[in-house]
Amino acid sequence: MNKVKLKRGDMIQVIAGKEVGRTGRILLIDREKGRVLVEGLNMQTKHQKPNRANQTGGITRREAPLHISNVMYLHKDKPTRLGYKLEESGGKMVKKRIAKSTGEVID
């Protein structure tokens, strides 16, 4: 699997699939499977039987993971690719994420 440059909490935009064009914040990244869980996107319904933890049961809605290739980082409300840049800070080289479109340091 390729290196994932996204982090939990990043704002992303979906660029492919049924949720195309929608934006959200990353809740979870599964690097082994190459999937991301995005807040409020790709919602699925789950039917649950009553049990000790959930006395009533019923239908719940939850997010399902999207493939990482179908999302892009949002920088200034535009999707952009991410890269790395080495900067010197206090005599040490520090790896920073940059937006490829503008060259600005993200974090």
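Residues numbered from 1 in each chain as written. Predicted model: local features only at pLDDT ≥ 70, side-chain atom pairs only at ≥ 80, totals over all residues. Heavy atoms only, no water.

**As for the overall build of the chain**
Line of reasoning, step 1. Scanning the chain from N- to C-terminus turns up zero helices and ten strands.
Line of reasoning, step 2. Seen in sequence order, the chain has helices and strands lined up from the N terminus as β-β-β-β-β-β-β-β-β-β.
Line of reasoning, step 3. In terms of C-alpha radius of gyration, the chain reaches 18 Å, well past the compact-globule figure of 13 Å for 107 residues.
Line of reasoning, step 4. With 107 residues in all, the chain has 28% of them scored as buried.
Line of reasoning, step 5. Once local pairs closer than 6 in sequence are excluded, the contacts in the chain between residues at least 24 apart make up 39%.
Line of reasoning, step 6. Accessible surface, the chain: about 7,600 Å² in total, of which carbon and sulfur atoms supply 47%.
Line of reasoning, step 7. Distance between charge centroids for the chain: 6 Å, based on 24 positive and 11 negative side chains. (Helix = DSSP H or I, 4+ residues; strand = E, 2+ residues; numbered from the N terminus. Rg over C-alpha atoms; globule rule 2.2 N^0.38 Å. Buried < 20%, exposed > 50% of the residue type's maximum accessible area, 1.4 Å probe, protein only. Contact = heavy atoms within 4.5 Å. Areas by Shrake-Rupley, 256 points an atom, 1.4 Å probe, with all protein chains shown as cover. Lys, Arg positive; Asp, Glu negative; His and termini not counted. Charge placed at Lys NZ, Arg CZ, Asp CG, Glu CD.)

**Some thoughts on unusual backbone geometry**
The bulk of non-glycine residues show a negative phi, and the bulk of peptide bonds are trans.
Line of reasoning, step 1. For K76, which is not a glycine, the phi torsion comes out positive at approximately 55°.
Line of reasoning, step 2. With respect to the secondary-structure elements, K76 resides in the loop between strand 7 (71-75) and strand 8 (78-80).

**Topic: the environment of K49**
Line of reasoning, step 1. Among the structural elements, K49 can be located in the loop between strand 4 (43-48) and strand 5 (58-63).
Line of reasoning, step 2. Taking the relative accessible area as the measure of exposure, K49 reaches 71% and is therefore exposed.
Line of reasoning, step 3. As a C-alpha pair, K49 and R62 span 13 residues in sequence and 16 Å in three-dimensional space.

**Some details on the pattern of salt bridges**
Line of reasoning, step 1. Taken as a whole and assessed by the stated rule, the structure comprises three salt bridges.
Line of reasoning, step 2. One salt bridge in this structure joins E19 and R22, with 2.7 Å as the shortest N-O distance.
Line of reasoning, step 3. By relative accessible area, E19 is classed as buried at 10%. (Salt bridge = Lys/Arg side-chain N within 4 Å of Asp/Glu carboxyl O.)

**Some words on the nonpolar core**
Buried together is how nonpolar side chains tend to be arranged in soluble globular proteins.
Line of reasoning, step 1. In this structure, L6, I12, I29, V36 and V71 are the most contacted members of the largest nonpolar core, which totals 14 residues.
Line of reasoning, step 2. Listing elements by their share of this core, those giving two or more residues are strand 1 (11-14), strand 2 (23-30), strand 3 (35-38) and strand 7. (Core = buried A, V, L, I, M, F, W, Y, C linked by side-chain atoms within 4.5 Å.)

**Topic: a positive patch on the surface**
Line of reasoning, step 1. Taken together, the side chains of K3, K5, R31, R81, K95 and K100 present a region of like positive charge at the surface.
Line of reasoning, step 2. One can find K100 in the segment after strand 10 (92-99). (Patch = residues over 30% accessible without salt bridge, like charges linked within 9 Å, V, L, I, M, F, W, Y side chains within 5 Å.)

**What about the environment of E63?**
Line of reasoning, step 1. By the secondary structure assignment, E63 is in strand 5.
Line of reasoning, step 2. Spatially, the C-alpha atom of E63 lies 16 Å from that of M11, the residues being 52 residues apart in sequence.
Line of reasoning, step 3. A polar contact is formed between the side chain of E63 and the backbone nitrogen of G40, at a distance of 3.1 Å. (Polar contact = N/O pair within 3.5 Å; in protein donor to acceptor, adjacent residues only side chain to side chain.)

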